[in-house]
Each structure stands twice: as structure tokens, then as C-alpha cells.
Amino acid sequence: MKSKEPGAIRQLFAFVGESSGKMRFSIFLAVLGELFGMGPFLMVAVLADALYRGTATPMLVLPLCGGAAVCQIIKMLLTWQSSLISHKISFTILKNIREAITDRMAKVPMGVMLETPTGTFKNLIVDNVAKLEDSMAHFMPELPSNIAAPLCSILLIFLLDWRMGLAALVTIPLGTLFFAAMMRGYRPRMENYMRSANEMNSALVEFVNGIQVIKAFNRSASSYGKYADSVRYFHDSTMAWWSQCWLWNAAARAVLPSTLLGTLPVGAWLYMQGTLELPLFLACIIIPFGFMAGLIKFGFALGQLSYMAPNLDPIQDFLDTPEQRRPEKPVKLGERSFRFDRVCFSYDGKKEVLHDVSFTARTGQITAIVGPSGSGKSTIAKLMAGFWDATGGTVSFGGQDIQNIPFDQLMGEISYVAQDNFLFDRSIR
């Protein structure tokens, strides 16, 4: 399957609305904070050089220590402000996504709402959207900021001594290899995780909603068994995925920050050869400690990017559901009779439920639609109520094609009693 990750980012930013400028400002603050965060490492390097040359005095040491503390405080404030802005924007995006979903619910065929399990919509509006929050709040500002400071630090080390620069990067290929092993099979495993979570939620909603019928017919064991099986599958598949990742994740986290594996032996050898001064040796050991933390965060930010698409795909699929278009202005209706003229209908666009159906249900008369289970009786009623549009032929009411009648006007003319009922949690009054 082709990855949709670039599309996922564009889709998310489509919901930013008027907050796009604030997001850019959040990214700027995050980058600036990371640059200030490199200040203490540089000042430690300067202090090490002064100690080596014997020029360290209280007049030099105190400003360096104070400057390091100030840089750390500024980084904390900038990062805090950036995180505050990005979280506000992420919740704005979540609000806009949920509003878009509910708006689409009002416009898609009513049949889509009736035929889709309640648990699916719960997953869509609550779970899938909520799982995007952490990725958006941290991914958008942290991805650029966690690459800015490391790049500046790497450039500085190469300017000091290109040999030590290469030595500082020696753990990156090995750490990248571990990350690649951890991400092996990520997309199908994530899709299986999302699917099993959705099935578990749907089974739970079905079990709770049908508990009265389950108890009345003594079907507790079989009905609960379906829910228990979905929970067990979710647990087993998730644990299988995580157990594959744990070792590689731990290895990557252990190896990547260990820049001393390269800088210490190479630096010691160069120092003993007399081609590297001790202050430069110390500086090239200290500075990598700062940029590796940013690179690790950058790697996990990329992992969050992969986490976005599986959660956003079902949301976008629902938002792409074709709308039922109806006019807004009421139309003039004649005799309040329904007329089916060679009507065909298919739920999936493949298998027809109704084929070439024609009849007239006249006003003032009782028209009964009789047939075995699955013959299309409920489908005919849903077409009459406008819950679906016929895929062929014409359904007319009052001499008008119902696709030309506004929903409000049609609902004001007919009554529809479904097989399943729903009561709102409020008083009859």
C-alpha cells in the first residue's frame, strides 16, 4: 500500500485555519530554544580551555556559569511557550476535525449512519482524533527544532576538527540501523492495531447496548465471548508488536547518545600523536552530548509522523463520503403519493438489493410491502424517507423526484418508524 504520510501532513494543516501563523511562531520559538540549549555546552568547552591554559579566574568562571544558567532558563521559557502555543493549536485542529466529521454526518446519506456500527463512530470521533493530539502538539514544532541545534553543533565540531566530527557521528549509522529494525513492518502492524482496537470498541458498544436482550435470552456467555475474543486479540497482537520493538528501541536509545564510543578513542589517539590540543579534545567530547539528544527526539518525531496516517486515514475516508445533495428552497407538491419507477439500488455499488422495482403507494390507502427477510422491504422504506438515493430509476413523492425535495420539507410530510428505536437521556416533557 502506498504511504499517505505526506498527504496526512497536508490534511492536518488544512484544519489549522487561522492558526497557521501561530504554528510558524511556535516552530520559531522551539528552534530558538534549542539553539540557546547549546549555550551551556559551548561555555563548558570555553571553561575547559581556560582551565587547561591556566587563565581561569573568578572573573571568567562566574560569567560563564551565569551565562550557562541564563541560556538554560531562556531555553526552558522558549520551549514552554512553544509547547503552549502548539498544544492550543493542536486542540483547535482536533475541534475543527470533530466539527468536520459531525458536519459530514449531517450530509451523508442517512443510510450510512444507520448501517455503520455505533462503535465505529465512537472510534472515529473520540479515539482516532484524540490519538492525533500528541503527534500534532509535539511533532510540528519539535521536528524542525530538534534538527536545527544538532546541525549547528555538528558544523561547529567539524570546524574545530573534521576528524573529531566524523568520530562524533560514528554511533548514528548503528543507531539508525536499530531504528530501522524497530520500524520494520510498522504500517501493517499499525493498521492491525487500529483495526483490532476498533473491533474491540465496536464489540463493547454492541455488548452494552444489547445487554437487555442478552440477559432476556440468556446469551451472556456467547455475547460476552465475542467481546472477550476481541479484547484478547487486541492484547495479543499489540504485545507481539511491542515485543518486536522493545529490544531495538532499547538498543537505539543506548547506542545513539554514546558519542564517547567514537570521540574518546579517536581524540585520545590524536592527542597522543600531538595533532589535537587538549582544549579541542575536551570541546569535541562535550559538544556531542548536546546534539545527540536532539537527534534522538528528531527520530521519535519521525515515528510520530508514521503514527499520524493510520489514525487520519479512516477520518479522511469518512470525510470523503459523498454527500446527499438537496435543494434548500421548498418545491410545490401534488398528490401525496409515492411512486417507484424502475428503481434499482445497491449498497456497495456491486450487488443490487433492488432491481427494476415499480409501484405506487397512493394517499388515503394502505400499501403493505411483503416479502421474506432480506428481500429489500427496509431498503424500500429508507429510499422513501430519502435515507439513500436510488442508484437507478426514480423515487417520486407528490409528483417530485425526492432528490429535488429539501430534507426538511420531505420529513415534514412523512413519518418514519424504524425497526430500532432510540430514546434520549432526558424527560418526556
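Look a little higher up for the structure.
Computed from a predicted model, the values in this text were never measured in an experiment. (Residues numbered from 1 in each chain as written. Predicted model: local features only at pLDDT ≥ 70, side-chain atom pairs only at ≥ 80, totals over all residues. Heavy atoms only, no water.)

Moving on, we get to the overall build of the chain. Along the backbone of the chain there are 15 helices and four strands. Looking at the chain residue by residue over its 429 residues, the buried ones come to 41%. For the chain, restricting intrachain contacts to residue pairs at least 6 apart in sequence, the fraction spanning at least 24 positions comes to 81%. Of the roughly 24,500 Å² of accessible surface on the chain, a fraction of 63% belongs to carbon and sulfur atoms. (Helix = DSSP H or I, 4+ residues; strand = E, 2+ residues; numbered from the N terminus. Buried < 20%, exposed > 50% of the residue type's maximum accessible area, 1.4 Å probe, protein only. Contact = heavy atoms within 4.5 Å. Areas by Shrake-Rupley, 256 points an atom, 1.4 Å probe, with all protein chains shown as cover.)

Below, the discussion takes up the side chain of T379. Mapping T379 onto the fold places it in helix α14 (residues 377–384). Overall, T379 belongs to the buried group, its relative accessible area being 6%. Contacts of T379, omitting those with residues within four sequence positions, involve F345, Y347, V353 and L354.

This part covers the packing of aromatic side chains. Within this structure, the stated rule accounts for eight aromatic pairs. When the ring of Y271 is compared with that of F281, the centres are 6.3 Å apart and the planes differ by 20°; the resulting orientation is stacked. Of the two residues, Y271 is situated in helix α12 (residues 260–272) and F281 in helix α13 (residues 278–319); the sequence distance between them amounts to 10 residues. Relative to Y347, the ring of F345 lies with its centre 4.7 Å away and its plane at 85°, an arrangement referred to as edge-to-face. According to the relative accessible area criterion, Y347 is partly exposed, its value standing at 32%. (Phe/Tyr/Trp six-rings, centres within 6.5 Å; stacked < 30°, edge-to-face > 60°.)

A separate point is unusual backbone geometry. Backbone geometry places R342, a non-glycine residue, at a positive phi of 50°. Within the secondary structure, R342 sits in strand β1 (residues 338–346). Within the chain, D356 stands out as a residue other than glycine whose phi angle is a positive 55°. Locating D356 in the fold gives a position in strand β2 (residues 352–361). The class for D356 is partly exposed, based on a relative accessible area of 34%.

Across six bridges, the pairing between β1 and β2 is antiparallel. Across the sheet, residue F345 finds its bridge partner in β2, namely L354. Counting the residues that bridge the hairpin from β1 to β2 gives five residues, and of these G349 lies at a positive phi of roughly 80°. Relative to strand β3 (residues 392–397), β1 runs antiparallel, the two being bridged by five bridges. Bridging across to β3, F340 finds its partner in V395. (Pairing = 2+ DSSP bridges.)

Overall, antiparallel pairing links the four strands, which are arranged β2-β1-β3-β4 in an open sheet. Unpaired on one side and paired on the other, β2 and β4 (400–401) mark the two borders of the sheet. Sitting on the sheet, α14 is in contact with β1, β2 and β3, with an inclination near 115° to β1. (Axes fitted to C-alpha atoms, helices over the stretch in contact; angles between N-to-C directions.)

Moving on, we come to helix α3 (residues 39–53). The terminal C-alpha atoms of α3 lie 21 Å apart, and with 15 residues this matches the ideal 21 Å at 1.5 Å per residue to within 8%. Residues G39, P40, A45, L47, A48 and A50 constitute the buried set of α3. Positive phi appears at G54, one or two residues downstream of α3, with a value of about 75°. (Expected span 1.5 Å × (residues − 1).)

Scanning the model with the defined rule gives seven salt bridges in all. Between D229 and R232 there is a salt bridge, with the nearest N and O atoms lying 2.8 Å from each other. Of this pair, D229 and R232 both sit in helix α11 (residues 220–255), three residues apart, roughly one helical turn. (Salt bridge = Lys/Arg side-chain N within 4 Å of Asp/Glu carboxyl O.)

Two elements in contact, α3 and helix α4 (residues 58–107), have axes separated by 8 Å at closest approach and are oriented at 165°. Between α3 and α4, the crossing angle belongs to the class labelled roughly antiparallel. α4 is crossed by α3, and the crossing has left-handed handedness. Taken together, the residues of α4 that come into contact with α3 (itself represented by G39, P40, M43, V46, L47 and A50) are L60, V61, L64, G67, A68, C71 and Q72. Split by residue class, the contact of α3 with α4 holds 10 nonpolar, three polar and no charged. (Parallel < 35°, antiparallel > 145°, perpendicular 65-115°, else oblique. Left-handed = near helix turned anticlockwise from the far one by under 90°. Nonpolar A, V, L, I, M, F, W, Y, C, P; charged D, E, K, R; others polar.)

Turning our eyes to something else, we now look at a nonpolar patch on the surface. Residues I73, M76, L77, W80 and L84 make up a contiguous nonpolar surface patch of roughly 520 Å² in combined accessible area. For L77, the location among the structural elements is in helix α4. (Patch = residues over 30% accessible without salt bridge, like charges linked within 9 Å, V, L, I, M, F, W, Y side chains within 5 Å.)

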